Amino acid sequence: MKKYVVVLAALCLAVFAVSAFAASDDPIGACIYKYDDTFMTNVRRAMLAEAEKLGETLDVVDSQNRQPLQNDQVDAHISKGVKALVINPVDRTAAEPLMNKAKAEMLPIVFINREPYEEVMKAYDKIWYVGAKAEESGTQSGQIIADYFKANPGADKNKDGKIQYIMIRGEQGHQDATLRTEYSTKAMKDAGFEIVELGNDTANWDKVQATDKMKGFISAVGIDNIEAVLANNDDMALGAIEALKAEGYNLGDAAKYIPVVGVDATAPALEAMSKGELLGTVLNDADNQGFAAVKIAALAGDEKPVTEESIGYKITDGKYIWIPYQPVTVENYKEFMK
Ligand code: GAL
Ligand code: CA
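Here the structure is a predicted model, which means the values were calculated and not measured.

About the criteria used
- Residues numbered from 1 in each chain as written.
- Chains lettered and ligands numbered in written order.
- Predicted model: local features only at pLDDT ≥ 70, side-chain atom pairs only at ≥ 80, totals over all residues.
- Heavy atoms only, no water.
- Pairing = 2+ DSSP bridges.
- Helix = DSSP H or I, 4+ residues; strand = E, 2+ residues; numbered from the N terminus.
- Right-handed = clockwise from strand over helix to strand, strands pointing away.
- Donors = N, O, S within 2.8 Å, 3.2 Å for Na, K, Ca; no water.
- Buried < 20%, exposed > 50% of the residue type's maximum accessible area, 1.4 Å probe, protein only.
- Near = heavy atom within 4 Å.
- Areas by Shrake-Rupley, 256 points an atom, 1.4 Å probe, with all protein chains shown as cover.
- Nonpolar A, V, L, I, M, F, W, Y, C, P; charged D, E, K, R; others polar.
- Domains from an automatic or database assignment.
- Contact = heavy atoms within 4.5 Å.
- Axes fitted to C-alpha atoms, helices over the stretch in contact; angles between N-to-C directions.
- Buried area = accessible area lost by both parts, 1.4 Å probe.
- Salt bridge = Lys/Arg side-chain N within 4 Å of Asp/Glu carboxyl O.
- Polar contact = N/O pair within 3.5 Å; in protein donor to acceptor, adjacent residues only side chain to side chain.
- Left-handed = near helix turned anticlockwise from the far one by under 90°.
- Arc of directions from axis to C-beta.

With that settled, consider the pairing of strand β2 (residues 58-62). Note that strand β1 (residues 28-32) and β2 share five bridges and pair parallel. Along β2, the bridge assignment pairs Cys31 with Val61. Regarding topology, helix α2 (residues 38-54) serves as the crossover connection from β1 to the parallel β2, and that connection is right-handed.

The next thing to look at is the coordination of the calcium ion (ligand 2). Taken together, the protein donors to the calcium ion (ligand 2) comprise Asp156 (OD), Asn158 (OD1), Asp160 (OD), Lys162 (O), Gln164 (OE1), Glu227 (OE) and Glu227 (OE), at separations of 2.2 to 2.5 Å. All donors of the calcium ion (ligand 2) come from a single chain, and their spacing in sequence reads D-x1-N-x1-D-x1-K-x1-Q-x62-E. A relative accessible area of 28% means that Lys162 is categorised as partly exposed. By relative accessible area, which is 7% here, Gln164 ends up buried.

With that out of the way, let us pick up the site of ligand 1. Around ligand 1, the surrounding shell consists of Tyr33, Asp37, Phe39, Asn113, Arg114, His174, Asp176, Arg180, Trp205, Asn233, Asp264 and Asn284. Protein contact buries 99% of the 310 Å² of open area that ligand 1 shows by itself. Partitioning the shell around ligand 1 into residue classes produces three nonpolar, four polar and five charged. Each of domain 1 (24-132 + 285-323) and domain 2 (135-283) accounts for three or more of the residues forming the shell around ligand 1.

If you walk across this open sheet you meet the four strands as β7-β6-β8-β9, and the pairing is parallel. Bordering the open sheet on either side are β7 (194-202) and β9 (260-261), each of which pairs with just one other strand. Bridge count between strand β6 (residues 162-169) and β7: eight bridges; the pairing is parallel. Across the sheet, Met167 pairs through a bridge with Asn200, a residue of β7. Along the sheet face, helix α6 (residues 134-151) touches β6, β8 (228-231) and β9 and points at about 165° away from the line of β8.

How big an interface is tends to be reported as the loss of accessible area on association of its parts. Domain parsing of the protein chain yields domain 1 (24-132 + 285-323) and domain 2 (135-283). Domain 1 and domain 2 are separated by 32 Å when their C-alpha centres are compared. At the junction of the two partners, domain 1 supplies twelve residues and domain 2 supplies ten residues. In total, about 920 Å² of surface goes out of reach between domain 1 and domain 2, with carbon and sulfur atoms giving 38% of it. At the junction of domain 1 and domain 2, the tally comes to one salt bridge. Among the ionic pairs, Glu171 bridges to Arg114, the shortest N-O distance being 2.9 Å. For the interface between domain 1 and domain 2, the tally reads four residue pairs in polar contact (both at pLDDT 80 or more). At three residues, α2 tops the list of elements feeding residues into the side of domain 1 that touches domain 2. Of the residues in the side of domain 1 that touches domain 2, the class split is five nonpolar, three polar and four charged.

The next thing to look at is the packing of α6 against helix α7 (residues 175-190). Following both chains from N to C, one finds α6 and α7 inclined at 35°, their axes separated by 7 Å at the closest point. The hand of the α6/α7 crossing is right-handed. Mapping the contact onto sequence places Ala134, Glu135, Ser137, Gly138, Thr139, Ser141, Gly142, Gln143, Ile145 and Ala146 in α6 and Gln175, Asp176, Leu179, Arg180, Tyr183, Ser184, Ala187 and Met188 in α7. Taken together, the residues of the contact of α6 with α7 break down into seven nonpolar, eight polar and three charged.

Turning our attention to helix α4 (residues 95-104). The set of residues buried in α4 consists of Ala95, Leu98, Met99 and Ala102. Along the long axis of α4, the arc covered by the buried residues comes to 100°, so they all point the same way. Against α3 (67-80), β3 (84-87), β4 (109-112), α5 (118-122) and β5 (127-131) lie the buried residues of α4. One or two positions beyond α4, positive phi appears at Met106, with a value near 60°.

Structural data, given as structure tokens:
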């Protein structure tokens with residue numbers, strides 16, 4: 001009898017375990033705004049790794065920076081019978097029609113990296129957003145510059161007590177571009193510095209465009225007058241550094257150095273930090289953003305509850321997963337190298 005009870009209990013446990021963890025065979029459908037983006041490539045890798053770990057099939061496609069193409073890709077995912085969607089919109093204002101497509105099919109939809117407007121987030125109960133608070137990264141990058149000026153009074157080259165800087169922004173309309181620009185300048189001011197903007201333009205997150213823009217700024221204002229460069233991401237920071245290097249700056253001569261900060265902590269940025277070309281960056285945690293998005297899609301796609309316990313991340317207002325940023329400086333950058 002006793003033996004029978006034990007066997008039965010074991011059987012129940014096994015059935016429970018299988019039903020709790022078994023994934024439905026339907027894939028998760030995902031779209032990335034474009035594959036030619038360093039940070040989003042890291043997010044995509046993390047998504048694929050998590051899917052593999054969970055035994056899920058992740059069908060991910062390149063939206064090639066074209067919203068109409070992405071709309072068609074979402075339709076294709078839906079007609080293939082995906083159980084959930086993970087979408088990195090090309091244009092954050094296009095989230096609404098995509099949400100409506102998902103809603104019509106009662107499919108869970110997880111937006112990443114480009115935050116839908118609040119009314120879109122409120123209009124459906126199977127919608128989530130995984131991202132990071134851009135304000136944080138702006139503040140942290142501004143603080144890195146302010147700390148540098150405090151530690152190195154010589155950085156104020158014209159000795160006017162102010163920081164003369166260049167701002168290179170990400171894509172127009174992207175919450176990360178707007179907020180990083182605003183909060184990085186605010187952080188320098190909050191640290192007690194007067195700031196003077198010598199130039200400000202978008203380079204669309206892109207390294208080559210940033211090199212061009214920086215070359216333009218150098219010829220417009222003169223390299224001797226530039227005391228700092230703030231870029232909304234690392235690719236653009238590295239692009240700006242190319243332009244500085246072409247003038248003999250940031251190549252190791254302490255007299256010819258301009259502090260540059262970015263955001264993301266990509267591998268090439270950490271490499272540039274190790275060479276002393278880039279002052280600092282901010283970790284935009286691609287791994288945890290990718291892991292969280294796929295965990296939610298997998299659970300919601302199998303009609304299982306999405307809770308802080310089930311996904312292992314904090315959930316705000318039932319729908320938002322905010323992955324924290326971290327400042328990356330010369331003191332700690334090695335910890336982030338993979
Ligand atoms: C930002 C990131 C950029 C770029 C952009 C794409 O969060 O810092 O490098 O990847 O997302 O939307
Ligand atoms: Ca100055």
